[in-house]
Amino acid sequence: MNSYLNHIPTNIKNSAYPLTKIDLKQLGGFQKEISLFDGVNPEDIAFLTKRFETLNLFRGCRVNCSHCLKDAKPPLKGRETILYEDLTRFLDGFKALSERLGINVLQGNKYLNIIDDANPSDIPIEGKSRKHTVTEAIRDIYDKIRIPVLFVTSGWNTVSKYAQNSSEELACMIEKNPDAVKSVDISINPFAGIMDKSREALKKNDLAKAGFFREIYTSRMANTLKTFLKLFETGKAKIIYRHAPDSAGNEAVNALAAKKLYEEIYAKLKKMTGSSLEEISYLKPENLTKFDKSHLIESSGRGRRYFPQDKNLKEQAGLIDEALDWQMMSPQERRKTLLDCSVKCVDIDGSVYATMPSVRTENISAPIELTVPAGIQLNYTNKTPAGKVFSDIELD
């Protein structure tokens, strides 16, 4: 193995996804005695390292946004998070592999998601002897594999001391170690479950209840922005701002509705901070709510309810054709398609799945994604499944 490694050109060693460019047979059992890879073959390890994007630390979401592209459901009892010791096993495994080969096997992967269908602000990560904060996890990820994390949140219940303290700890860590995090992205939209409750109350002419639910949401999001305010000043935080297309005819969740909602949040933020916030131009409503194609939701997952039936039927027909295309592929063609065209994800039980953009459907702001089991199982301690990750159509 060492003889072959010594003859690998430097440009290959330093390139993106180097394991996919070298002769793995020449390396023998390079993964042996690394517990993470017990039962995993070299080709599957190389497959995972190319466009590795998501290492799930949490599964399931209670925010219940009615537009959710991932159709996220509340977590299964006892399967809300990865076992922290499995996170450590994952990180130590890839660190040991890179050190053994003298090659950064995860090279080329620019950032790492830690969720697929969850909100990472709500609960700690379970461990065998104690619970761990998401800040600990992010710090360990960067220290061991040197990939910054993308942290995406929909805020948290303002009465949760854990969530508040954990988020403040995270903000402080990022200020001191900005390289550990690519960005903190905060999702603000009129689709949150509590906003649905507000609209339902409004339909019943219960103005008091409608106002109560809206107050909860706007306070929640203003507090979230306040917690990460310094990161907006340094450009380390941004807002994921969403609404339905005006053409869909949903006045309660269109551009104007989202704009009014954000204006309320911004006014509360100014009151909470006692500041005019003039120095953070990004947060000003006139800048943030200015129309951009990226603000529009897709007709995927629960988001389909906000689009006309003819569009949804056309999209479904395209997805069915895509499934038929997939069935016609040989196993080798499927593998190459997933290797080259998908991002790789690891669930909290160590199972690997791939996510790739649909090529048969139209999209507005982002491709509709299809999820495919990769048939790879890392040697996690806790292999209890957490439930399927959503896909608009099954490909297996």
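To be clear, the structure that these remarks concern was listed above.
Residues numbered from 1 in each chain as written. Predicted model: local features only at pLDDT ≥ 70, side-chain atom pairs only at ≥ 80, totals over all residues. Heavy atoms only, no water.

Trainee: Is there a simple way to think about helix α10 (residues 255-273) in this case?
Mentor: Every α-helical turn comprises 3.6 residues, leaving residues that sit three or four positions apart pointing alike. The end-to-end C-alpha distance of α10, which contains 19 residues, comes to 27 Å, matching closely the 27 Å that a straight helix rising 1.5 Å per residue would cover. Looking at α10, one finds that the buried residues are Ala-257, Ala-258, Leu-261, Tyr-262, Ile-265, Tyr-266, Lys-268 and Leu-269. Down the axis of α10, the sector holding all buried residues measures 165°, keeping them to one side. Turned more than 90 degrees away from the buried face of α10 sit Leu-256 and Lys-271, all of them exposed. Where the residues of α10 are buried, they touch β4 (181-188), α7 (193-203), α8 (207-227), α9 (229-234), β5 (237-241) and α11 (285-288). Residue Asn-254 occupies the N-cap position of α10, its side-chain oxygen lying 3.2 Å from the main-chain nitrogen of Leu-256. Just past α10, the residue Gly-274 takes up positive phi, approximately 65°. (Helix = DSSP H or I, 4+ residues; strand = E, 2+ residues; numbered from the N terminus. Expected span 1.5 Å × (residues − 1). Buried < 20%, exposed > 50% of the residue type's maximum accessible area, 1.4 Å probe, protein only. Arc of directions from axis to C-beta. Contact = heavy atoms within 4.5 Å. Polar contact = N/O pair within 3.5 Å; in protein donor to acceptor, adjacent residues only side chain to side chain.)

Trainee: Can you help me understand empty space enclosed by the protein in this one?
Mentor: It is a probe the size of a water molecule, rolled over the atoms, that shows where empty space is left. Counted by the stated rule, this structure contains one cavity of 30 Å³ or more. Taken as a whole, the largest cavity encloses approximately 90 Å³ of empty space. Across the lining of the largest cavity, the residue classes break down as five nonpolar, two polar and four charged. (1 Å grid on protein atoms, 1.4 Å probe; cavity = no way out; pocket = protein on both sides within 12 Å on 5 of 7 lines; lining within 4 Å. Points joined across faces, edges and corners; volume = space filled by probe spheres on them. Nonpolar A, V, L, I, M, F, W, Y, C, P; charged D, E, K, R; others polar.)

Trainee: Can you help me understand helix α5 (residues 134-145) in this one?
Mentor: End to end, α5 covers 16 Å across twelve residues, agreeing with the expected 16 Å (1.5 Å per residue, within 8%). Among the residues making up α5, those that are buried are Val-134, Thr-135, Glu-136, Ala-137, Ile-138, Ile-141, Tyr-142 and Ile-145. On its buried face, α5 sits against α4 (84-101), β2 (112-113), β3 (149-153), α6 (161-176) and β4. Arg-146, located one to two residues past α5, shows a positive phi value of around 60°.

Trainee: Would you explain the packing of aromatic side chains in this entry?
Mentor: The geometry of an aromatic ring pair is captured by the separation of the ring centres together with the interplanar angle, meaning the angle of the planes. Within this structure, the stated rule accounts for ten aromatic pairs. Aromatic pair Phe-37 and Phe-94: ring centres 5.1 Å apart, planes at 90°, arrangement edge-to-face. Of the two residues, Phe-37 is situated in the loop between α2 (10-13) and α3 (42-49) and Phe-94 in helix α4; the sequence distance between them amounts to 57 residues. Relative accessible area serves as the criterion here: at 1%, Phe-94 is assigned to the buried category. (Phe/Tyr/Trp six-rings, centres within 6.5 Å; stacked < 30°, edge-to-face > 60°.)

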